[in-house]
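Residue-level structure breakdown
Chain by chain, the residues:
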Amino acid sequence: RAARLPQTTIESAGTIDNSATQPSASSNVPTTDYDLALTASWDIDLFGRLRSGALAARADADAQAAAMDSLRVAVVADTVLAYVDLCGATRAANVSRKIIAVQERSVGVVRDQLAAGEVSPLEVSQAASLLESTRATLAPFEAARANALYRIATLQGRHPAEARGFNIVCNVPPKLRVAVPVGDGQALLLRRPDIREAERRLAAAAARIGVARADLYPRVNLGGAVGLLTGGFVATASPLISWAFPNQAPARARLAQARATERAALAGWDVAVLRALREVETALAAYDGEVRRNRALDAARIQSALYARRAAARVRLGDTASLIQFDAERARAQAALAQAQSDLIVAQSQVALFRALGGGWQTNGPAG
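Right, let's walk through the structure included here. Keep in mind that what you see is a predicted model, and the values were worked out from it rather than measured.

Once that is clear, we can look at the overall build of the protein. Broken down by element type, the protein carries seven helices and four strands. Counted from the first residue to the last, the protein has its helices and strands arranged as β-β-α-α-α-α-α-β-β-α-α. Scaling as 2.2 N^0.38, a compact globule of 368 residues should have a C-alpha radius of gyration of about 21 Å, whereas the protein reaches 39 Å, well beyond that. The buried share of the protein, taken over its 368 residues, is 31%. Across the protein, contacts joining residues at least 24 apart in sequence account for 77% of those joining residues at least 6 apart. Carbon and sulfur atoms form 58% of the exposed surface of the protein, whose accessible area is close to 22000 Å². For the protein, the separation between the mean place of its 43 positive charges and that of its 34 negative charges on side chains is 5 Å.

Laid out in structure tokens, this is it:
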């Protein structure tokens, strides 16, 4: 924008001439010369070259600001996702440890029964196999927890090894306490940083067409200077007109290039919108599907716990074989772990939806 205003420059100089070095000098008195000048020039911008350039520069700046917003959303989403993964892995590991403790007691009871001659080695092998299968699930959860800590450290710009000293206590993945603010989907999509960036890049490309078109016409620049030069007052003024004519092929080629760049930017904007629509629809479908699956898994967990209690009671009464109890314990363990993993996927789906909608909104209700 400043280029559209008159440009001024002040120049000054001072010199001292020593007459002693001049063979023809009549005296040894030194002389001093002062020069002072003010120059000014103004591009009238009759055909909008500078105006279009200012619009393009503003659009470029807005596009970079949108890119920065996109980076902020990505960092927030990745940080929250790492925390969610940490909580989910911790919970799954705790559930696995509880199941392992229960099954260890069951193995001890079965071995005592074997010593008393009440069961056969088949039941002992069955109980031991179930115990080891459950133990095998613990290591991946511990590794996932460590991985989440390393990601949190990296997102903070710290060395991953520092994560070993983090004291982050989280046993249950966080849950939203208010509905996801889908609301006006169009308004939310237009808030997405990548769409705003694409739209601003399109605006910049359109403005540069005006810059290229102005090169087809004359440029008028008014210039002038006033000052004291070699002891006298001097003032000059001179308009400057420049025009690439009749050979305008280079200017027309630049104009065609600018128009092609605008078409490419328009295609990029279309791609950004379509990608946003796809990501939002995918995130909503995944979230809805996992929420419904989570409800079914919760009912299965309740029924499996009831199945395990009833099977244990019947075994104690001698009404059924011990293998029924082992099967019930396996079902309860699988249901508990599936429920914990589903809770984690629900939280991950919420983060994915936050990212797809562009993030950054505020709600009046409490969030968890």
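What follows concerns the nonpolar core. The biggest cluster of nonpolar side chains holds 17 residues, and the ones touching the most others in it are Val-95, Ile-99, Val-110, Ala-127, Phe-141 and Leu-337. Elements represented by at least two residues in this core include exactly helix H1 (49-115), helix H2 (121-135), helix H3 (138-155) and helix H7 (322-356). In terms of residues, this core owes the most to one element, H1, which gives seven residues. When residues no more than four places from it in sequence are discounted, the contact partners of Val-110 are Val-119, Glu-123, Val-124, Ala-127 and Phe-326. Listed in part, the 14 residues of the second largest apolar core include Val-180, Val-280, Ala-283 and Tyr-287.

We now examine H7. Over its 35 residues, H7 runs 51 Å from end to end, which matches the ideal 51 Å to within 8%, given 1.5 Å per residue. Taken from the residues just after H7, Gly-358 is the one with a positive phi, measuring 95°.

Disulfides are covalent bonds that link the sulfur atoms of two cysteine residues. For the structure on display, the rule yields one disulfide. Two residues share a disulfide in this structure: Cys-87 and Cys-170, whose sulfurs sit 1.7 Å from each other. The sign of the S-S torsion, about 115°, decides the handedness of the disulfide formed by Cys-87 and Cys-170: right-handed. Taken together, the residues Cys-87 in helix H1 and Cys-170 in the loop between H3 and helix H4 (185-191) connect sequence positions 83 residues apart. Owing to a relative accessible area of 0%, Cys-87 belongs among the buried residues under this scheme.

Before going further, it helps to spend a moment on empty space enclosed by the protein. In this structure the tally under the stated criterion is one cavity of 30 Å³ or more. The space that makes up the largest cavity amounts to roughly 70 Å³. What lines the largest cavity is simply Asp-43, Asp-45, Leu-46, Phe-47, Gly-48, Arg-49, Ala-214, Pro-218, Arg-219 and Val-220. By residue class, the composition of the lining of the largest cavity is five nonpolar, one polar and four charged.

Now for the side chain of Ser-96. Mapped onto the elements, Ser-96 comes out in helix H1. Dropping the residues within four chain positions of it, Ser-96 is found in contact with Thr-134, Thr-137, Leu-138, Phe-141 and Leu-337.

To continue, consider a nonpolar patch on the surface. A cluster of nonpolar side chains, contributed by Ile-10, Leu-36, Leu-38, Val-226, Leu-228 and Phe-233, occupies part of the molecular surface with about 600 Å² of accessible area. Among the elements of the structure, strand S2 (31-43) and strand S3 (219-229) are those that each provide at least two residues to the nonpolar patch.

What follows deals with the packing of H2 against H7. Between H2 and H7, the shortest axis-to-axis distance is 10 Å and the interhelical angle comes to 5°. On the basis of their axis angle, the class for H2 and H7 is roughly parallel. Within the contact between the two elements, H2 uses Leu-122, Glu-123, Gln-126, Ala-127 and Leu-130 and H7 uses Ser-322, Leu-323, Phe-326, Glu-329 and Arg-330.

What follows concerns H2. Between its terminal C-alpha atoms H2 stretches 21 Å, which fits the 21 Å expected from 15 residues at 1.5 Å a residue. If you check which residues of H2 are buried, you get Glu-123, Val-124, Ala-127, Leu-130, Leu-131 and Thr-134. With its buried residues spanning 130° around the axis, H2 presents them on a single face. In H2, the exposed residues that point more than 90 degrees away from the buried face are Pro-121 and Leu-122. Against the buried residues of H2 lie H1, H3 and H7.

This part covers the packing of aromatic side chains. Aromatic rings in a pair are described by how distant their centres are and how their planes are angled relative to each other. Applying the stated criterion across every chain yields a total of two aromatic pairs. Both rings, one in Phe-47 and one in Tyr-217, keep their centres 4.8 Å apart while their planes meet at 25°; by these two values the pair is stacked. Residue Phe-47 is located in the loop between S2 and H1, and its partner Tyr-217 is located in the loop between helix H5 (193-214) and S3; the two are separated by 170 residues in the primary sequence. Taking relative accessible area as the criterion, Phe-47 reaches 39% and is therefore assigned partly exposed. Ring centres of Trp-243 and Phe-245 lie 4.6 Å apart, and the angle between their planes is 25°; this geometry places the pair in the stacked category. Its relative accessible area of 43% is what places Trp-243 among the partly exposed residues.

Before going further, it helps to spend a moment on the side chain of Gln-103. The topology assignment puts Gln-103 in helix H1. Taking relative accessible area as the criterion, Gln-103 reaches 3% and is therefore assigned buried.

Along the backbone, Phe-47 and Thr-134 are 87 residues apart, and their C-alpha atoms lie at a distance of 77 Å. If we skip the residues at most four places from it in the chain, Phe-47 touches Ala-214, Tyr-217 and Pro-218.

Reading the values: the criteria
Residues numbered from 1 in each chain as written. Predicted model: local features only at pLDDT ≥ 70, side-chain atom pairs only at ≥ 80, totals over all residues. Heavy atoms only, no water. Helix = DSSP H or I, 4+ residues; strand = E, 2+ residues; numbered from the N terminus. Rg over C-alpha atoms; globule rule 2.2 N^0.38 Å. Buried < 20%, exposed > 50% of the residue type's maximum accessible area, 1.4 Å probe, protein only. Contact = heavy atoms within 4.5 Å. Areas by Shrake-Rupley, 256 points an atom, 1.4 Å probe, with all protein chains shown as cover. Lys, Arg positive; Asp, Glu negative; His and termini not counted. Charge placed at Lys NZ, Arg CZ, Asp CG, Glu CD. Core = buried A, V, L, I, M, F, W, Y, C linked by side-chain atoms within 4.5 Å. Expected span 1.5 Å × (residues − 1). Disulfide = S-S within 2.5 Å. 1 Å grid on protein atoms, 1.4 Å probe; cavity = no way out; pocket = protein on both sides within 12 Å on 5 of 7 lines; lining within 4 Å. Points joined across faces, edges and corners; volume = space filled by probe spheres on them. Nonpolar A, V, L, I, M, F, W, Y, C, P; charged D, E, K, R; others polar. Patch = residues over 30% accessible without salt bridge, like charges linked within 9 Å, V, L, I, M, F, W, Y side chains within 5 Å. Salt bridge = Lys/Arg side-chain N within 4 Å of Asp/Glu carboxyl O. Axes fitted to C-alpha atoms, helices over the stretch in contact; angles between N-to-C directions. Parallel < 35°, antiparallel > 145°, perpendicular 65-115°, else oblique. Arc of directions from axis to C-beta. Phe/Tyr/Trp six-rings, centres within 6.5 Å; stacked < 30°, edge-to-face > 60°.

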